[in-house]
Amino acid sequence: MSTASNLFDNLFIFEMANSHQGSVEHGIDIIHEMGKIARKHNIKAAVKLQYRELDTFIHPEYKERTDVKHIPRFMSTRLEYEQFTQLVAAIKEEGMISMVTPFDETGVDWCMDQGVDIIKIASCSALDWPLLEKVVLTSKPIILSTGGKTLSDIDKLYNFFSHRRSEFAFLHCVAEYPAPEEHLQLDFIDRMNRRYPEITIGYSGHEDPNDNMVPMLAIAKGAKILERHVGLPTESITLNAYSMNPAQADKWVESALRAQKMCHLKKEGEKYISQEEIDSLNSLMRGVYLKHDVEEGTVLTRDDVFFAMPCHEKQMTSGEFINGIVASRNYAKNEELHEKRVLTGVNLARSVVHDAKGMLYEAGIALGNEFEVELSHHYGMQHFRQIGAIIISIINREYCKKLLVILPGQKHPVHAHKVKEETFQLLYGDLTVNIEGEEKHMKPGDIQTVLRGEKHSFTSAKGAIFEEVSTTHVRNDSYYEDPNISRLDPMERKTILKRW
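Starting afresh in each chain, residues are numbered from 1 along the sequence in its written order. Under the rules for a predicted model, residues below a pLDDT of 70 receive no local features and side-chain atom pairs below 80 are neither given nor counted, while totals for whole chains, interfaces and linings still include all residues. By convention in this description, side-chain values take in all heavy atoms of the structure and omit both hydrogens and water.

(A) A look at the sheet that holds strand β20 (residues 438–442). For two strands to be treated as a pair, DSSP must find at least two bridges joining them. Strands here mean DSSP runs of E at least two residues long; helices mean DSSP runs of H or I at least four residues long; both are numbered from the N terminus. Strand order in the open sheet made by the five strands is β20-β19-β22-β17-β24, with antiparallel pairing throughout. A single partner strand is all that each edge strand has here, and the edge strands are β20 and β24 (478–480). In this sheet, neighbouring strand axes are inclined to one another by 30° on average, regardless of whether the strands run parallel or antiparallel. Relative to β24, strand β17 (residues 411–417) runs antiparallel, the two sharing three bridges. Among the inter-strand pairings, Ala-416 is bridged to a residue of β24, identified as Tyr-479. Note on geometry: axes are lines fitted to C-alpha atoms, helical ones only across the stretch in contact, with angles between N-to-C directions running from 0 to 180 degrees.

In structure tokens:
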């Protein structure tokens, strides 16, 4: 199973359904209009068709009935295989992705014969297991709508396609036509992204075609695919209440792109802070000023200073001041203070603890109340963010359980254990474990065992949390390759915290 495929990310789907009105010419006109929109906005776009072999899809006694919903529309807009082939060719000529929703097994065969790029499963077919078995054998990328499906239903689909190593994505969908805004439940996109983090999640909309707030909200919730019904009105053709005309589709794309721009992180995994933002805030901050004349060497306390704006460049801010700062020169009354806060081991330890707690929060890992924290700083706290680890001891009996937090870019040096055998399972982030010179690149869920006496080290590019299950942890059972570490007393390279 591939994860978060580039094929799916930021994909716009124009669903034609039956809006071709049974006319190849009209269908090609719709495709041309969607192609114009795709080129105008330089988007990755797909046009989606619907395939049914009506001779077998509809019961023979019902083909001429007009009192059964959908059947008259299907029969009146019927296209044959050769005509659909022309539409697929037109989609590709416009530089767009060809996509089809087959409602029966014959439709799947047509998709294969015509070289369709993506197969879409409609909400009404999402639990049609004979159809799904046929689709999965194609090895085509698959997008599934989940309208009317419970979380349990979606779990079944996730496992069905995951076990078969399919490339697939889910669309949150409310299968009402049109869908009232109070039924949209866009928060469910959040739930799906948390539950299926390796799968691209999108949104298939059936709301008012003029409501462009909904796609913007869907993107803000994490939708990477957007789908809407489109058509082309004429003097004789009127669109239904949930289909967009080209002008509405253009506005829909424009609104979605605005939302992507507003939501996009400018730094991967971090919040970007511009110089303009920094300057704006600095202009409102308070600086530190002296209440009276101060001689060089004076140990300053809160009674010696006051805080006021403006805060000048290189001046100490009110947030940076702590008792115990030593004046490096003489100061006059009302003069701004230009000193630097000295970073101590306590400051550094507190900083990394805060980062570790934040990673645990983000990973959704609760520690409870009974644990001990060890900051393992092999070359001192001043180098901890480069070399070290945060080790959280949960249990240490005949068996031992720990959680290790590795900060972004941090490495844990080469060492081995004589008494302890340990197994790692990565819970969050990325981890590279080196065992006897062989690198193992782990992703969440992966397990790696380290045998007694095996030299090993580990590092993480973006940060990691992994569980270590081992035999009893024995003090002084870590033997480091670097003699500079080995010469240190364990208390010189460890800081123990009973609570944080």
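(B) Quick look at the layout of surface pockets. Of the grid points, spaced at 1 Å and generated over the protein atoms alone, those admitting a 1.4 Å probe that cannot get out make up cavities, while open sets with protein on both sides within 12 Å along at least five of seven lines make up pockets; any residue with an atom within 4 Å of a point is treated as lining. Grid points are joined across faces, edges and corners, and a volume is the space filled by probe spheres set on the points. Computed from the structure, the largest pocket encloses a volume of approximately 2300 Å³. In terms of lining residues, the largest pocket is bounded by 44 residues, among which Pro-197, Leu-265, Gly-269, Glu-362 and Tyr-428 are the most central. Going through the elements one at a time, β1 (11–15), α8 (187–195), β7 (200–204), α9 (213–220), β8 (225–230), α10 (246–263), α12 (345–363) and β18 (422–429) are the ones with two or more residues in the lining of the largest pocket. Polarity classes work like this: nonpolar for Ala, Val, Leu, Ile, Met, Phe, Trp, Tyr, Cys and Pro, charged for Asp, Glu, Lys and Arg, and polar for all others, with Gly in that last group. Residue composition of the lining of the largest pocket, by class: 20 nonpolar, eleven polar and 13 charged. The space that makes up the second largest pocket amounts to roughly 770 Å³. The wall of the second largest pocket is formed by 34 residues, among which Gln-50, Arg-73, Tyr-177, His-229 and Tyr-242 lie closest to the centre. The set of elements that each furnish at least two residues to the lining of the second largest pocket consists of β2 (44–51), α3 (71–76) and β8. Broken down by element, the residue count for the lining of the second largest pocket peaks at three residues, all from β8.

(C) Just the nonpolar core, in detail. In plain words, nonpolar cores are sets of buried Ala, Val, Leu, Ile, Met, Phe, Trp, Tyr and Cys residues tied together by side-chain atoms within 4.5 Å. A 1.4 Å probe rolled over the protein chains alone gives each residue an accessible area, and that area as a share of the maximum for its type sets the label: buried under 20%, exposed over 50%, partly exposed in between. Membership of the largest hydrophobic core comes to 66 residues, with the highest contact counts inside it found for Phe-14, Met-34, Leu-49, Phe-161, Phe-170 and Tyr-203. Looking at this core, the element that brings in the most residues is helix α1 (residues 24–41), giving six residues. Filtering out sequence-adjacent residues up to four positions away, Phe-170 remains in contact with Leu-144, Thr-146, Ile-154, Leu-157, Tyr-158, Met-192, Tyr-196, Ile-199, Thr-200, Ile-201 and Gly-202. Met-359, Ile-365, Leu-375 and Ile-392 belong to the second largest nonpolar core, which has 19 residues in total. Contact criterion: two residues are considered in contact whenever any of their non-hydrogen atoms come within 4.5 Å of each other.

(D) Layout of the packing of helix α7 (residues 151–163) against α8. Contact pair α7 / α8: the axes reach a minimum separation of 12 Å and the direction vectors enclose 35°. Two packed elements cross with a definite hand, and for α7 against α8 that hand is right-handed. Counted together, Leu-151, Ile-154 and Asp-155 of α7 and Phe-188, Arg-191 and Arg-195 of α8 form the full contact between these two elements. Of the residues assigned to the contact of α7 with α8, the class counts are three nonpolar, no polar and three charged. For a crossing to be left-handed, the near helix must be turned anticlockwise from the far one by less than a right angle; the clockwise case is right-handed.

(E) Focus on the packing of aromatic side chains. Classification of ring pairs uses Phe, Tyr and Trp, with its six-membered ring standing for Trp, and accepts pairs whose centres are within 6.5 Å; under 30 degrees between planes counts as stacked, over 60 as edge-to-face, and the remaining range as tilted. Tallied over the entire structure, the rule returns 22 aromatic pairs. For the pair Phe-12 and Trp-252, a centre-to-centre distance of 5.7 Å together with 90° between the ring planes defines the contact as edge-to-face. With a gap of 240 residues between them, Phe-12 in strand β1 and Trp-252 in helix α10 connect regions that are remote in the sequence. Like Trp-252, Phe-12 is buried. With 6.2 Å between their ring centres and 45° between their planes, Phe-84 and Trp-110 make a pair best called tilted. Here Trp-110 lies in helix α5 (residues 105–114) and Phe-84 lies in helix α4 (residues 81–93), a separation of 26 residues in the sequence. Considered together, Phe-84 and Trp-110 belong to a single accessibility category, that of buried residues. Three or more aromatic residues joined by ring pairs make a cluster, and in this case those are Trp-129, Tyr-158, Phe-160, Phe-161, Phe-168, Phe-170 and Tyr-196. The ring of Phe-103 is capped by Arg-52, whose NZ or CZ atom sits 3.9 Å from the centre of that ring. Throughout this description, the term charge over a ring refers to an Arg CZ or Lys NZ atom that lies within 6 Å of the ring centre and within 35 degrees of the ring normal. Geometry around Tyr-479 places Lys-418 over its ring, the cationic atom sitting 4.4 Å from the centre.

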